[in-house]
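Structural overview for review
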Amino acid sequence: MRELFVIGIGAGDPDQVTVQAIKAMNKVDVFFVIGKGDEKRDLVDVRAAILAEHVTRPHRVVDIADPPRDRTPSDYQGVVDDWHERRAALFEAEFAAEPGVGAILVWGDPSLYDSTLRIIDRVLGRGKVSFDYSVIPGVTSVQSLAAQHRIVLNRIGEPVHITTGRRLAQGLPDGVDNALVMLDAHCTFTQVPGDDVQIWWGAYLGTPDEVLVSGNLREVEDEIQRVRAELRERKGWIMDTYLIRR
């Protein structure tokens, strides 16, 4: 492979794929797709729909099985580092076997809670393959959340704190009134104290299965937990994002 595009494809809506991304995809010979198993086959199907709608030139798709990892580790950093190394080895083998121009389609934008660019750096750092690569930005689930709820992420002059459920469990930093939370598998918003907190929550943003809930946190937290559990049981997986604000 002589060139690689890392392309942000948005939260799932084919209409949110940018013109720049479409132009890049139509230069690609082979798309590398990370599989998440049968229960997340929907994600592969959405990628396939995006390719079918926007790519007009002949191309191939190479499926790469995502290496398993411990989801509740005592050494989180160490487990993720090992997972990235195993992913890098898989990418390296596939890149070496494929000529021409390749691409990896990334949910949302490659800059936000995604490790693709770190893994590409690892592949190049191993020194066995060499290629140029470009990054194409995409619409994030955060932007989709704000658009669907018709809100501005910050009040005038205030900062926005972006974090994970794991970090939120340790409490919000002093002075943070607006927090965007991603990767929260445990409904950590229930641990945020106070009766003056609003929440705007969304699941499967940008897809036909999108679900939205908003309101005073204390009034809707039980509903969000119930809806989230039902959705996860029905589909076998869930991706959700939310904004909380004092």
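For the structure itself, look to the data block above.
Calculation rules
Residues numbered from 1 in each chain as written. Predicted model: local features only at pLDDT ≥ 70, side-chain atom pairs only at ≥ 80, totals over all residues. Heavy atoms only, no water. Pairing = 2+ DSSP bridges. Helix = DSSP H or I, 4+ residues; strand = E, 2+ residues; numbered from the N terminus. Axes fitted to C-alpha atoms, helices over the stretch in contact; angles between N-to-C directions. Contact = heavy atoms within 4.5 Å.

**Remarks on the sheet that holds strand S8 (residues 198-203)**
Spatially, the five strands line up as an open sheet ordered S6-S7-S10-S8-S9, and their pairing is mixed. Each edge of the sheet is formed by a strand with only one pairing partner; in this case those strands are strand S6 (161-164) and strand S9 (211-216). Between one strand axis and the next, the sheet turns through 15 degrees on average, direction left out of account. As paired strands, S8 and strand S10 (residues 240-245) are joined by six bridges and run antiparallel to one another. Considered in S10, the bridge of Ala203 is made with Asp240. In the packing of helix H5 (residues 141-149) onto the sheet, contacts are made with strand S7 (178-182), S8, S9 and S10, and the angle to S8 comes to roughly 115 degrees. Contacts between helix H7 (residues 217-235) and the sheet are confined to S8, S9 and S10, with S9 contributing the most and set at about 160 degrees to the helix.

**Notes on the sheet that holds strand S2 (residues 30-35)**
Here five strands make up an open sheet; going across it, the order is S3-S2-S4-S1-S5 and the pairing parallel. Each of the sheet's edge strands pairs with one partner strand only, and the pair in question is strand S3 (60-65) and strand S5 (132-136). Within this sheet the neighbouring strands show an average axis-to-axis angle of 25 degrees, counted without direction. Summarising the sheet, S2 and strand S4 (residues 101-106) pair through three bridges and their orientation is parallel. Looking at S4, one finds that Phe32 is bridged to Ile104.

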